[in-house]
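What follows is each chain in one-letter form.
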Amino acid sequence: MHKWLSIIGIGEDGIAGLSKTAILFVDQAEIFVGGERHLAMLPPDDGRKKISWNSPFGNSIQQVIQYRNQNKLVCVLSSGDPMCYGVGASLIRYIPKEEITIIPTNSAFSLACSRLGWNYSEVETISVCGRPVSLLTSYIYPNAKLLILSEGKHTPAIVANILTTRGYGGSKITVLEKMGGVNERILTGLAQSWQETEIADLNTMAVECIAQMGIYGLSRLPGLPDDAFHHDGQLTKREVRSLTLSTLAPLPGELLWDIGSGCGSIAIEWMRTNIRCAAVAIEKNLVRSHYIADNANALGTPNLQIIRGQAPQVLGDLPTPDAIFIGGGISTPGLLEECWNSLSPGGRIMANVVTLEGEKTLFTWYEQVGGSFTRISIQRAQPLGKFLGWKAMSPVTQWVARKS
């Protein structure tokens, strides 16, 4: 198949700022696709067909795909680097790379680093374009440097509020507008006193996170403090949760089913380990499902999928998991069978139980598919009169098996 599609990154300096190679593809194109701002960069008398992105975005992608077998040269105009949170990353999922030519220009992130003197390899990058702004919360920690692609002119105020609410009101915010163009502008201020309202829709934010005294960052490593979660007691305690997640060993791009999710702690920490990790939290209790949603939003994993219902009945239509954790309901008839059959080849399944009945169920499955058992006993020091004494938590029996 010939390369019928080109994706050209274009900056605020328009066509004049393109390389000779990029201009060659623009000149050869018969159809242009892009946002209204990008299409307006073409000469006013350019009579070639132009298609603007519209909502839903998936329909626009289908419009591009329809030209695949029509022997037409299509050029998509994209901001900066099309593969950095850009349209190129979306199109490549539907059209083979062998049919596409991609020519980037400077991304907003690289331009921002050049303006601020930041080392690109030492910053956290995030886009909130079409994504929940609460994703930001898992990136906030003392002395972090964040680069954020804004949704629009209101994003800086929302980010400033999130920072201030979390105890980072002294953080420095820099808003960089229309970088690379004649109307480029840079605004600075502190999160706690941010009042700028006259901001261009096209802006990128830079944040230097400064924590107030007594504010500590939440690590992305497993084992957040128990009080980081809103719960009613149905919570995998910190020490057990840390061991559980280290054994589940999430890899980027993997999907977890968290069955009997309680407050969602396992699923949330699974997703916090890497931005590409995904999880589904299954919980039958209505109040606890609300806890899961609150915790996911507060801890920076708003994309956690929450299924309210009883497993195994609600599992049938879910995507194939790479790992399954069962935190409750282990004795439910048919649950382990459905989970084992649904698990991807090479996937792992784990269950934590505290009852003899739960251990009996797990041992039956151990005899069928193997695996290993671990007994976890944790003691915490607590006040005993005017002294400190050890108080044991309920021992947890943990079974894990890998599907060959």
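Residues numbered from 1 in each chain as written. Predicted model: local features only at pLDDT ≥ 70, side-chain atom pairs only at ≥ 80, totals over all residues. Heavy atoms only, no water.

The next thing to look at is the overall build of the chain. Along the backbone of the chain there are eleven helices and 19 strands. Considering the chain as a whole, with its 404 residues, one finds that 45% of them fall into the buried category. Contacts spanning at least 24 positions in sequence make up 64% of the contacts within the chain whose residues lie at least 6 apart. As presented, the chain carries roughly 20000 Å² of accessible surface, and 51% of it is formed by carbon and sulfur atoms. Averaging the positions of the 35 positive and the 35 negative side-chain charges in the chain gives two centres separated by 3 Å. (Helix = DSSP H or I, 4+ residues; strand = E, 2+ residues; numbered from the N terminus. Buried < 20%, exposed > 50% of the residue type's maximum accessible area, 1.4 Å probe, protein only. Contact = heavy atoms within 4.5 Å. Areas by Shrake-Rupley, 256 points an atom, 1.4 Å probe, with all protein chains shown as cover. Lys, Arg positive; Asp, Glu negative; His and termini not counted. Charge placed at Lys NZ, Arg CZ, Asp CG, Glu CD.)

Within the structure shown, the criterion is met by 14 salt bridges. Measuring nitrogen to oxygen at the nearest pair gives 2.4 Å for the salt bridge that ties E99 to R68. One end of the pair, E99, is in the loop between α4 (87–91) and β5 (100–103); the other, R68, is in the loop between α3 (57–65) and β4 (74–79), and 31 residues separate them in sequence. Residue E99 is classed as buried on the basis of its relative accessible area of 3%. (Salt bridge = Lys/Arg side-chain N within 4 Å of Asp/Glu carboxyl O.)

In terms of domain boundaries, the chain breaks down into domain 1 (5–105), domain 2 (109–209) and domain 3 (226–403). Centre-to-centre separation of domain 1 and domain 3, based on C-alpha positions: 44 Å. (Domains from an automatic or database assignment.)

This paragraph deals with the sheet that holds strand β7 (residues 145–149). Across the sheet, five strands lie side by side as β6-β7-β10-β8-β9; this open sheet has mixed pairing. The open sheet has two free edges, formed respectively by β6 (124–127) and β9 (185–190), since each of these has just one partner strand. Strand-to-strand twist of the sheet, defined as the mean angle between neighbouring strand axes without regard to direction, takes the value 20°. Two elements, strand β8 (residues 172–177) and strand β10 (residues 203–208), share six bridges in a ladder whose sense is antiparallel. In the strand pairing of β10, I173 is matched with V207. On top of the sheet, helix α5 (residues 108–116) reaches β6, β7, β8, β9 and β10; it is set at about 135° to β7, its chief contact. Those strands touched by helix α6 (residues 155–165) are β7, β8 and β10, and its axis lies near 20° from that of β10. (Pairing = 2+ DSSP bridges. Axes fitted to C-alpha atoms, helices over the stretch in contact; angles between N-to-C directions.)

A separate point is the packing of aromatic side chains. Inspection of the entire model under this criterion finds five aromatic pairs. Ring plane angle 55° and centroid distance 5.0 Å describe the contact between W53 and F57, whose orientation is recorded as tilted. Directly above the aromatic system of Y139 lies the positively charged group of R220, at a separation of 4.7 Å from the ring centroid. (Phe/Tyr/Trp six-rings, centres within 6.5 Å; stacked < 30°, edge-to-face > 60°. Lys NZ or Arg CZ within 6 Å of the ring centre and 35° of its normal.)

With respect to the element layout, G309 can be found in the loop between β13 (305–308) and β14 (323–326). Those residues in contact with G309, other than ones at most four positions away along the chain, are I282, E283, K284 and V314.

Here we come to the sheet that holds strand β1 (residues 5–10). Pairing between sheet strands relies on hydrogen bonds along the backbone, with the strands arranged either parallel or antiparallel. If you trace the five strands from one edge of the open sheet to the other, you get β3-β2-β4-β1-β5, paired in parallel fashion. Either end of the sheet is taken by a strand with one partner, and the two such strands are β3 (49–52) and β5. Adjacent strand axes in the sheet meet at a mean angle of 20°, parallel and antiparallel pairs treated alike. Bridge analysis of β1 against β4 gives six bridges, and the strand direction is parallel. By the bridge assignment, L5 is partnered in β4 with V74. Each of β1, β2 (31–34), β4 and β5 touches helix α1 (residues 20–28); the most contacted strand, β5, lies at about 135° to it.

A few words now on the environment of Q398. Mapped onto the fold, Q398 is located in strand β19 (residues 396–402). Q398 sits in the buried class, given a relative accessible area of 5%. Sequence separation of Q398 and V353 is 45 residues, and the distance between their C-alpha atoms is 6.6 Å. A polar atom in the side chain of Q398 sits 3.1 Å from the side chain of T244. Among the polar contacts made by the side chain of Q398, one reaches the side chain of N352 at a distance of 3.1 Å. (Polar contact = N/O pair within 3.5 Å; in protein donor to acceptor, adjacent residues only side chain to side chain.)

This paragraph deals with the side chain of T301. Positionally, T301 belongs in the loop between α9 (286–298) and β13. According to the relative accessible area criterion, T301 is buried, its value standing at 4%. Setting aside chain neighbours within four positions, we find T301 in contact with I268, M271, R272 and A296.

Before going further, it helps to examine helix α11 (residues 356–369). Between its terminal C-alpha atoms α11 stretches 20 Å, which fits the 20 Å expected from 14 residues at 1.5 Å a residue. Each element contacted by the buried residues of α11 is listed here: α10 (335–342), β15 (348–353), β16 (372–376) and β19. Where α11 terminates, the next one or two residues include G370, which has phi positive at roughly 85°. (Expected span 1.5 Å × (residues − 1).)

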